[in-house]
Amino acid sequence: MVNVAMDGPVGAGKSSVARECARRLGFIYVDTGALYRSCALFCINKGVEISADSEAAIAEVLEKELTLTIDLIDGEQHVYVNGEDVSDKIRTLEISKAASAISALPAVRKYLLDTQRSIAANNNVIMDGRDIGTVILPNADLKIFITAKPEIRAKRRFDELVAKGSNVTLGEVLVEVNRRDYNDTHRKEAPLKQAEDAILIDTSDIDFEETVSGITDLIMAKYETLG
Ligand code: DC
């Protein structure tokens, strides 16, 4: 199996790039952020507060009451909370904030560790997240760290949200991007950081096609070496 770890901050273009590379190569694309978002949605719906003080209660409710599954439909990842497809519900600003908070809790990261590793053990995957190259798949065959300037990432996220009918402002999204960058890179547990052996790609000044074809070539070269 070929495992590709793709990490980077919010809005760097990771998920669209990873999804398209996986489509071209026939690999499975795994969006691990969706797993944290689903845990956050589940806790909100259960009325369980998301904070460090309620970590034990969160761990208990996840272990005992949540069955989280993913499926691929036409190459798109769908995520299910106890059988309900929540793929659209998890894409709101409220859930983005809650996912950032819940992902800082060690018990939640532990809860999701095996799910992520077992998908990678059985498939050729491109796994997109924050700690894939550093924690989840430290022996990944190829590690890519994608980033871009915060203003550019905020604009991309803003365009996505507006396309979905949201009426946020660009300023609000930039504040949110900066806040999440801060949380994701400063948390104690598995902070967002480039693995030492990851290849850094800054997409501020390169377009989507150039990014995708560059990464696809890197993966193909690796794939051929591995036979
Ligand atoms: O990639 P995303 O925006 O859907 O991620 C949602 C939140 O989950 C984000 O604040 C960081 C966190 N996350 C994480 O801590 N580790 C991952 N592997 C993926 C996401």
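These lines cover the structure that appears in this document, whether it is placed above or below. Since the structure is predicted, the reported quantities are computational estimates derived from the model, not experimental observations.

Digging into the sheet that holds strand β6 (residues 125–129)
Pairing between sheet strands relies on hydrogen bonds along the backbone, with the strands arranged either parallel or antiparallel.
Move 1: If you walk across this open sheet you meet the five strands as β2-β6-β1-β7-β8, and the pairing is parallel. Each end of this open sheet is capped by a strand with a single partner; those strands are β2 (28–31) and β8 (199–202). In this sheet, adjacent strand axes meet at a mean angle of 20° when their direction is disregarded.
Move 2: Summarising the sheet, strand β7 (residues 142–147) and β8 pair through four bridges and their orientation is parallel. Residue pairing across strands places T147 opposite D202, the latter belonging to β8.

Quick notes on the pairing of strand β4 (residues 76–81)
Move 1: Counted residue by residue, β4 has five buried out of six residues, so it is predominantly covered.
Move 2: Here strand β3 (residues 68–73) pairs with β4 via six bridges, running antiparallel. Within β4, the position partnered with L72 by the bridge is Q77.
Move 3: The turn linking β3 back onto β4 is made up of two residues, and D74 within it adopts a positive phi angle of 50°.
Move 4: Note that β4 and strand β5 (residues 84–85) share two bridges and pair antiparallel. Each residue of the ladder has a partner; that of V81, found in β5, is E84.

Let's talk about the packing of helix α3 (residues 55–65) against helix α5 (residues 106–122)
Move 1: The geometry of α3 relative to α5 is characterised by a closest axis approach of 9 Å and an angle of 20° between their N-to-C directions. Taken as axis vectors, α3 and α5 run roughly parallel relative to one another. As for how α3 packs across α5, the hand of that crossing is right-handed. Taking contact as the criterion, the partners of E55, I58, A59, L62 and E63 in α3 are, on α5, P106, A107, V108 and Y111.
Move 2: Across the contact of α3 with α5, the residue classes tally to seven nonpolar, no polar and two charged.

Some details on the site of the ligand
Move 1: Residues in close proximity to the ligand total 16 residues, the closest being R37, R109, R130, R180 and R187.
Move 2: Within the side chain of R37, a nitrogen or oxygen atom sits 2.7 Å from an oxygen atom of the ligand.
Move 3: Between the ligand and the protein, one listed contact pairs an oxygen atom with a side-chain N or O atom of S103 at 3.4 Å.
Move 4: Here the ligand loses 97% of its free accessible area of 450 Å² to cover by the protein chains.
Move 5: If you list the elements that add at least two residues to the shell around the ligand, you get α2 (33–46), α4 (93–102) and α8 (170–186).

What about α5?
Move 1: Between its first and last C-alpha atoms α5 spans 25 Å; for 17 residues at 1.5 Å apiece the expected length is 24 Å, and the two agree.
Move 2: All of the buried residues along α5 are V108, R109, Y111, L112, L113, Q116, I119 and A120.

Reading guide: rules and limits
- Residues numbered from 1 in each chain as written.
- Predicted model: local features only at pLDDT ≥ 70, side-chain atom pairs only at ≥ 80, totals over all residues.
- Heavy atoms only, no water.
- Pairing = 2+ DSSP bridges.
- Helix = DSSP H or I, 4+ residues; strand = E, 2+ residues; numbered from the N terminus.
- Axes fitted to C-alpha atoms, helices over the stretch in contact; angles between N-to-C directions.
- Buried < 20%, exposed > 50% of the residue type's maximum accessible area, 1.4 Å probe, protein only.
- Parallel < 35°, antiparallel > 145°, perpendicular 65-115°, else oblique.
- Left-handed = near helix turned anticlockwise from the far one by under 90°.
- Contact = heavy atoms within 4.5 Å.
- Nonpolar A, V, L, I, M, F, W, Y, C, P; charged D, E, K, R; others polar.
- Near = heavy atom within 4 Å.
- Polar contact = N/O pair within 3.5 Å; in protein donor to acceptor, adjacent residues only side chain to side chain.
- Areas by Shrake-Rupley, 256 points an atom, 1.4 Å probe, with all protein chains shown as cover.
- Expected span 1.5 Å × (residues − 1).

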